[in-house]
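# Coordinates in review
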Amino acid sequence: MHRARTVRSFRSIPAVFVAILAMVGACFAARDAYAGHTLPDTLAQRVAACTGCHGREGRAAPDGFHPRIAGKPAGYLYEQLLNFRDGRRRHVAMAHLLANLDDAYLNEIAEHFATQEIPYPAPRTANTTAATLARGRSLVVDGDAARDIPACAACHGERFTGVAPAVPGLLGLPRDYLNAQLGGWKNGLRKARAPDCMATIASRLSPHDIEAVSAWLSSQPVPADGKAATAFSTKPPIECGSIGRDGRKVSP
Ligand code: HEC
Ligand code: HEC
């Protein structure tokens, strides 16, 4: 059983690799297409490379894997660009693109995408049981005191649209992407600035909790005004390195 699975996953590696190369190629082709024209600044060039993967204006690719970056809080986007450049999050093509960019330039790119106001697509119906959805909702809204899991809403905002500048919203993200991020934190593949509150929280979530939370969140509509809140309603229950002590982002 285990052997069969290993063989199957090895066989799919070349196909995945070719797909990734094709994607990177497309991104660089998009960038090169601009090279023939005179551009007023290099930010437009850099951003064309990004939207080759992240969709027009950063609205997300339809594949459920390349996340939306448009309209996310600027501090959060900036922090992620630092994370990819400095190795706390791993993605080969992104790390390559960001390798030689300084903090000020990354901040400019973050500000560019944060100001894109693009409507969100309708949520998908979650193909799961009512009990799983109910578990997901209850974790997001109330947490689980018995297992020391704080409510996601405590930091991600009462409407789950995030709290600017450092905490992202949890709505409008595909189920696969949510599963991958929470699983990544649980397995140590995604890290945030220490103390890494999301790593602590993910370590307390069971695989079924992760499935439940991702199913419920991805089936909720984004409110018409999907903007992040500007302040926490209560103090975040765990300290997070990417949120300053007074609720503002710490500088790099
Ligand atoms: C080759 C495709 C590719 C290119 C080019 C690319 N990205 Fe990404 N990016 C990804 C993938 C895939 C992820 C999700 C990785 C993961 O699962 O952690 C990601 C994640 C992100 C995130 C984190 C989103 C979140 O909600 O946490 C940000 C921000 C981001 N990219 C910005 C950019 C910017 C800015 C550029 C251009 C400088 C860029 N990306 C270029 C593929 C790409
Ligand atoms: C103590 C505050 C806090 C709590 C509680 C919290 N989060 Fe987070 N979360 C954060 C911060 C801060 C980030 C940004 C981390 C970084 O800078 O990479 C984050 C990021 C995330 C992301 C990444 C989003 C993206 O676009 O990639 C997901 C998914 C997430 N949290 C899910 C959850 C879920 C589900 C819960 C509840 C079970 C939860 N969080 C509870 C603070 C919190």
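Rules of the game
Residues numbered from 1 in each chain as written. Chains lettered and ligands numbered in written order. Predicted model: local features only at pLDDT ≥ 70, side-chain atom pairs only at ≥ 80, totals over all residues. Axes fitted to C-alpha atoms, helices over the stretch in contact; angles between N-to-C directions. Helix = DSSP H or I, 4+ residues; strand = E, 2+ residues; numbered from the N terminus. Parallel < 35°, antiparallel > 145°, perpendicular 65-115°, else oblique. Contact = placed C-beta atoms within 7 Å. Expected span 1.5 Å × (residues − 1). Buried ≥ 20, exposed ≤ 12 C-beta atoms within 10 Å, placed from the backbone. Core = buried A, V, L, I, M, F, W, Y, C linked by C-beta atoms within 7 Å. Domains from an automatic or database assignment. Arc of directions from axis to C-beta. Near = placed C-beta within 6 Å. Nonpolar A, V, L, I, M, F, W, Y, C, P; charged D, E, K, R; others polar.

## Structural notes on the packing of helix 8 (residues 175-187) against helix 9 (residues 197-204)
It is the contact of helix 8 with helix 9, at a shortest axis distance of 8 Å, that shows an interaxial angle of 95°. When the interaxial angle is binned, helix 8 and helix 9 end up roughly perpendicular. The segment helix 8 lies against helix 9, with Leu182, Trp185 and Lys186 engaging Met198, Ala199, Ala202 and Ser203.

## Some remarks on helix 10 (residues 207-218)
For helix 10, built from twelve residues, the straight-helix expectation of 16 Å at 1.5 Å per residue is met to within 8% by its first-to-last C-alpha distance of 17 Å. A large share of helix 10 lies buried, amounting to nine of its twelve residues. What helix 10 keeps buried is the set Ile210, Glu211, Ala212, Val213, Ser214, Ala215, Trp216, Leu217 and Ser218. Its buried side turned inward, helix 10 meets helix 6 (130-142) and helix 8.

## Describing the nonpolar core
Of all hydrophobic cores here, the largest spans 50 residues; its most connected members are Leu77, Tyr78, Leu81, Leu106, Ala110, Phe113 and Leu217. Elements with a contribution of two residues or more to this core: helix 2 (42-54), helix 3 (74-86), helix 4 (92-98), helix 5 (103-114), helix 8, helix 9 and helix 10. The dominant element in this core, judged by the number of residues it contributes, is helix 3, at seven residues. Here this core gathers at least three residues from each of two domains, domain 2 (38-118) and domain 3 (124-252). Sequence-distant contacts of Leu217, that is, excluding residues within four places in its chain, are made with Gly136, Val140, Leu170, Leu171, Leu173 and Leu178.

## Details of helix 8
Taking 1.5 Å per residue, 13 residues should reach 18 Å; helix 8 reaches 18 Å between its end C-alpha atoms and fits that length. Listing the buried residues of helix 8 in full gives Arg175, Leu178, Gln181, Leu182 and Trp185. Along the axis of helix 8, the buried residues cluster in a sector spanning 135°; they form a single face. Packed against the buried residues of helix 8 are helix 9 and helix 10. The first or second residue beyond helix 8 is Gly188, which carries a positive phi of 80°.

## What about the environment of Ala192?
One can find Ala192 in the loop between helix 8 and helix 9. The exposure class assigned to Ala192 is buried, which follows from the 20 C-beta atoms found within 10 Å. Taking the C-alpha atoms as reference points, Ala192 and Gln80, 112 residues apart in sequence, are found 8.4 Å from one another. Discounting residues that sit within four places of it in the chain, Ala192 has contacts with Asn83, Arg88, Met198, Gly241 and Ser242.

## Quick look at the site of ligand 2
In the vicinity of ligand 2, 28 residues are found, and the nearest of them are Cys152, Cys155, Ala192, Cys240 and Ser242. Elements represented by at least two residues in the shell around ligand 2 include exactly helix 7 (153-156), helix 8 and helix 9. Here the shell around ligand 2 is composed, by residue class, of 24 nonpolar, three polar and one charged.

## Focus on the packing of helix 6 against helix 10
Between helix 6 and helix 10, the shortest axis-to-axis distance is 7 Å and the interhelical angle comes to 90°. Taken together, the axes of helix 6 and helix 10 lie roughly perpendicular to each other. Residues Thr132, Leu133, Arg135, Gly136, Arg137, Leu139 and Val140 of helix 6 form the contact with helix 10, whose own contacting residues are Asp209, Glu211, Ala212, Val213, Ala215, Trp216 and Leu217.

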